[in-house]
Amino acid sequence: MASVSLLKSGILYFKLLYENSAPRMLRLLAWPILCSMLFVLTSCSNFDKEFTVYSANTTIEVYTDGSAFVSEHFDILVKKAENYGGVYVDIPQRFTDASGGVHWRDFELAAARRDGIDEYYFKENNVPGYSVYIGTEHCKGCSADLLTGVTKIQIAYWLGRLVRQEGDREVLFLPAYMGRVHGQGAKKTLTLKLPPGGTIRPLQQDRAAAYDIMRSAPNEILVSIPVGKADRKLPDIEIEYPAGTFVTVTSGERVQSWLSDHFLPFISILGPLIAGLFVLTRLGQGWRLPAPSIAVDSKKTESISPALAAYVFWNWKLDAAKAAFMASVCHLAMKRLLRISGLGENAEASDLSARQVRKKGKTARARWYGLPAVTRSVFGRIEGERPVNDRRTVVNALYGFERDLHQTVAEEYRKVRGGVDRTRLAIAGIILALGIAVAYFSGLLIFSVAICGILLIVFVVIMMFRHPEHFPMAVSTSEQFKQAVALLVGFPAMVIFALSYIVTTEVISEQWPYLVAILLHIVGVVSVLAMLRMPTPKQRQIHNNILILNRYFLGEIEGPAMSVECYEHYLPFAVALDVEQRWTERFNLWREREKMDAYAPDWRISS
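## What to know about the pattern of salt bridges
- All chains considered together, the criterion is met by 14 salt bridges.
- The closest approach of N and O atoms between arginine 201 and glutamate 166, which form a salt bridge, is 3.0 Å. With arginine 201 in the loop between strand S15 (199-200) and helix H3 (207-210) and glutamate 166 in strand S12 (residues 163-166), this residue pair connects regions lying 35 residues apart in the sequence.
- With a shortest N-O distance of 2.7 Å, glutamate 240 and arginine 201 are connected by a salt bridge. Highlighted residues: glutamate 240 in strand S18 (residues 237-242) and arginine 201 in the loop between S15 and H3, separated in sequence by 39 residues.

## Overview of the environment of tyrosine 399
- Take tyrosine 399: it is sitting in the loop between strand S21 (392-393) and helix H11 (402-417).
- With 18 residues separating them along the chain, tyrosine 399 and arginine 381 place their C-alpha atoms 9.7 Å apart.

## Focus on the packing of helix H16 (residues 537-553) against helix H17 (residues 564-576)
- Between H16 and H17, the least distance of the axes is 11 Å, while the angle of their chain directions is 120°. By the angle between their axes, H16 is oblique relative to H17. Once H16 is placed against H17, the crossing between them reads as left-handed. The segment H16 lies against H17, with Leu549, Tyr552 and Phe553 engaging Cys566, Tyr570, Phe573 and Ala574.

## Re the sheet that holds strand S20 (residues 348-350)
- Strand order in the open sheet formed by 3 strands is S19-S20-S21, and the pairing between neighbours is antiparallel. If you trace the sheet from one side to the other, it starts and ends with strand S19 (339-340) and S21, each paired once.
- Here S19 pairs with S20 via 2 bridges, running antiparallel. Looking across to S20, one finds that arginine 339 is bridged to serine 350.

## Concerning the nonpolar core
- With 62 residues, the main nonpolar core has Phe325, Ile382, Leu405, Phe553 and Trp583 as its most contacted residues.
- Those elements giving two or more residues to this core turn out to be helix H6 (306-313), helix H7 (320-334), helix H10 (373-383), H11, H16, H17 and helix H18 (580-593).
- Setting aside anything within four residues of it in sequence, one finds phenylalanine 325 in contact with Val378, Ile382, Val394, Ala397, Leu398, Phe401 and Leu405.
- Listed in part, the 39 residues of the second largest apolar core include Phe51, Ile60, Phe95 and Ile153.

## Some details on the packing of aromatic side chains
- For the structure shown, the criterion picks out 28 aromatic pairs.
- With 5.1 Å between their ring centres and 80° between their planes, tyrosine 241 and phenylalanine 246 make a pair best called edge-to-face.
- The exposure class assigned to tyrosine 241 is buried, which follows from its relative accessible area of 0%.
- Since its relative accessible area comes to 2%, phenylalanine 246 is described here as buried.

## Some remarks on H18
- Between its first and last C-alpha, H18 extends 20 Å over 14 residues, near the 20 Å set by a 1.5 Å rise per residue.
- Where H18 is concerned, the buried positions are Glu580, Trp583, Phe587, Trp590 and Arg591. Taken around the axis of H18, the buried residues stretch over an arc of 100°, which confines them to a single face. When the buried face of H18 is taken as reference, the exposed residues oriented beyond 90 degrees from it are Gln581, Glu592 and Arg593.
- Along its buried surface, H18 packs onto H16 and H17.
- Once H18 finishes, lysine 595 follows within two positions and takes phi at roughly 50°, a positive value.

## Quick look at a nonpolar patch on the surface
- Where nonpolar side chains cluster on the molecular surface, the patch consists of Phe263, Leu432, Ile436, Tyr440, Phe441, Leu445, Ile446 and Val449 and spans about 730 Å² of accessible area.
- Elements that contribute at least two residues to the nonpolar patch include exactly helix H12 (422-441) and helix H13 (445-466).
- Per-element accounting of the nonpolar patch gives the leading share, 4 residues, to H12.
- Locating leucine 445 in the fold gives a position in helix H13.

## With respect to the side chain of serine 442
- Summarising the element assignment, serine 442 is placed in the loop between H12 and H13.
- On the basis of relative accessible area, serine 442 is assigned to the buried category, the value being 0%.
- Here the side chain of serine 442 touches valine 438 through a polar contact of 2.6 Å, landing on its backbone oxygen.
- Residues contacting serine 442, with those up to four places away along its chain left out, are Asn125, Asn126, Val127, Leu264, Gln511, Tyr514 and Ile518.

## Side note on the sheet that holds strand S17 (residues 220-225)
- With mixed pairing, the 8 strands of this open sheet are ordered in space as S8-S7-S11-S3-S2-S14-S17-S16. The open sheet has two edge strands, strand S8 (117-118) and strand S16 (212-217), and neither has a second partner.
- Across 2 bridges, the pairing between strand S7 (residues 107-114) and S8 is antiparallel. Bridge pairing in S8 places arginine 113 opposite aspartate 118.

## Focus on unusual backbone geometry
- Unlike most non-glycine residues, asparagine 315 shows phi in positive territory, near 55°.
- On the secondary structure map, asparagine 315 appears in the loop between H6 and H7.
- Positive phi values are uncommon outside glycine, yet arginine 336 reaches one of about 60°.
- The residue arginine 336 is located in the loop between H7 and S19 in this model.

## Quick notes on H6
- The buried fraction of H6 amounts to 7 of the 8 residues, a majority that puts the element mostly inside the structure.
- Three or more residues of H6 are buried, namely Pro306, Ala307, Leu308, Ala309, Ala310, Tyr311 and Val312.

## Points about the packing of H7 against H10
- Interaxial distance between H7 and H10 falls to 9 Å at its minimum, and their mutual angle equals 90°. In this view, H7 runs roughly perpendicular relative to H10, as classed from their interaxial angle. In contact with Phe325, Ser328, Val329, His331 and Leu332 of H7, H10 contributes Val374, Thr375, Val378, Phe379 and Ile382.
- Residue composition of the contact of H7 with H10, grouped by class: 7 nonpolar, 3 polar and no charged.

Conventions adopted
Residues numbered from 1 in each chain as written. Predicted model: local features only at pLDDT ≥ 70, side-chain atom pairs only at ≥ 80, totals over all residues. Heavy atoms only, no water. Salt bridge = Lys/Arg side-chain N within 4 Å of Asp/Glu carboxyl O. Helix = DSSP H or I, 4+ residues; strand = E, 2+ residues; numbered from the N terminus. Axes fitted to C-alpha atoms, helices over the stretch in contact; angles between N-to-C directions. Parallel < 35°, antiparallel > 145°, perpendicular 65-115°, else oblique. Left-handed = near helix turned anticlockwise from the far one by under 90°. Contact = heavy atoms within 4.5 Å. Pairing = 2+ DSSP bridges. Core = buried A, V, L, I, M, F, W, Y, C linked by side-chain atoms within 4.5 Å. Buried < 20%, exposed > 50% of the residue type's maximum accessible area, 1.4 Å probe, protein only. Phe/Tyr/Trp six-rings, centres within 6.5 Å; stacked < 30°, edge-to-face > 60°. Expected span 1.5 Å × (residues − 1). Arc of directions from axis to C-beta. Patch = residues over 30% accessible without salt bridge, like charges linked within 9 Å, V, L, I, M, F, W, Y side chains within 5 Å. Areas by Shrake-Rupley, 256 points an atom, 1.4 Å probe, with all protein chains shown as cover. Polar contact = N/O pair within 3.5 Å; in protein donor to acceptor, adjacent residues only side chain to side chain. Nonpolar A, V, L, I, M, F, W, Y, C, P; charged D, E, K, R; others polar.

What follows is the structure in C-alpha cells.
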C-alpha cells in the first residue's frame, strides 16, 4: 500500500573563512575548493547503503462510507552508524481505474511512530500522494543518525472515499503500492478488511506474476508480494459490490471529488494557456502598426525632448549619449538659456541665462520648468563645470554623466509608454504563482527551485558579459574581494548544489508531465516579462515620427516651410539625428534664395 522511497540527498553546509587573502590566492584556490565540494556532494547518502527493509505489513480497514483506515508497519535494519536519520513513506492518493480515469482521495495522518513511540515527522507533496518523513529531526546541535540495529516504523492514516459507481455496481479500488518497498528480501503482506458481499474483479494483467491474493476470512483478503521483486508497479485491486452497499454521496460531494481529481492537471495547463493568450494578444497589437505619415507634424515633436529623439533614433546604444547631450545643449541655446560657440565637440558655453530665469517671476520659472527634465539636468552639469574666462567646455560635462543621462531619458520614455505596465507584471505574477502551486502539489518544488536557480545564474553571468555597465566594479578592496568571492566561489557553488540535487533526485513517471508543465510556466513568465521591452503604440508612433523627421531634414519629404524660427526649432533634433550640417545647408540655401542678410543669432558666441 505504501513504500519507503529513495532517500533525498542531504544538504551539506559549508563556510569559507578568509582573512587578509589576496584575490590572486582566491582564484588559485577556487577550483580545488569546487572540486572537493563536488566530490562530497556526489557521495550523498543512499537508502540501500544505510538501511534494509526486513518486512512490510499493511492493514486496510474499509468502512461502509467508502473511507479506509490504514496502518503500516516496517521492520528496518540500520546498517551504518552515520545515516540520514529516518525514512520516507509514500502515501497513495492518486488512483487510476480500469478505464484510465484518475481519482484523487483525501488523506489525514493519524500517527507516526518509531519503536512504538511517537516520532518526529513532516509531510511532502508528491503526484501519487504524500511522502511522509519519519525519523530524527534535522536541526543544528542535534544528532540526525539512527542507532544501528532493527527499528520499527509505524504510520497510520485515513483515506477518503475509495468507491466509484459503475452502472448498477459499486467498485472499491485499492492500489497495491507495496511492490515499491525497498529490500528484495523483505516479506510484504497486505491485509484488507472489507464490508461483506464483495467479489474480486478479474484483471487483464497476470496477477499471479505480481502477487498472491486469497481470502483469509469471509470479510478479509490477504495479499502476499513475492520476495526478490522490488520497485515494481503492481496492478490495482478492484472489488465489486451491489449497489447500495456503501453510503450514497451527495451531488455536492461528487462535485468536490471531481474538482479534486482535476485540480492539479487544470492548474498545470492554466499557466501556459494564460501566457500564450497574453503573448498572442500583445503581439497582435504590435502588428497593428500606426498609419504612416508623409509629412512632418511639428506638434508631435514638441511632446518629446531632443535627447529622447537621439536615443530612439540610435536604438539606445551607448554612442547615443553624446548625441543626446549635444542635442540638449543646442535645445538650451535655442531657448536662449545659454550661448554656445558651436555644435561640435569643442563647443563652449557661456552667459548662463537660466540662472536669472529661475530667479525671476512666475512666468519665467514656468518657462524653465516647461523644459524636459533631461534638458534641465544637462544645464546643471554644464553649470557645475569650472569656467575659464567665463566659458565652460561643454563636452567635459558629459564625462561621468552617461548613466544619469540614460536613466533620465529612459524615465521620459516610460512616461510616454504610460508608466510601468502593471497588467504584464500582474499576469507574470499569476503565472508564477500557478507554477509554484504545480511544483508544490507535485512534489517538485525544490527540484524546480534548483532549475530556476541555475537558469537565473546563467542569465546573470550572460548579462554581466553583455552589459557590464549595469554591473559596476567595486572601488574599495573589501568590496572587490566580495565580488570575487561571489563570482569565483558563490555562483559555481550554487550551480553545483543545484545540479547535484537535480542529478540525485528521482523523478517518478507520474511527475514528468508536471515537470514539463513547470518548465512551460517558466517559459511563460519569461515571455511575458520580455514583452515589457516591447514598444507600445505610442512609442512606435514616436519612432515613426523621428524617421519622418530625418527624411524631412534630408529633403526627401515636404514639411514646414523654412524660416529662421523653423530652422532653430528643429536644429536640436537635427543634432540628435546627426544631420545638423545638412539641415544648416538647407537653411543657408533658403537664405540665399530669400536674399537674407547674414545670420547672426544671439544664441551663438561670436568670437
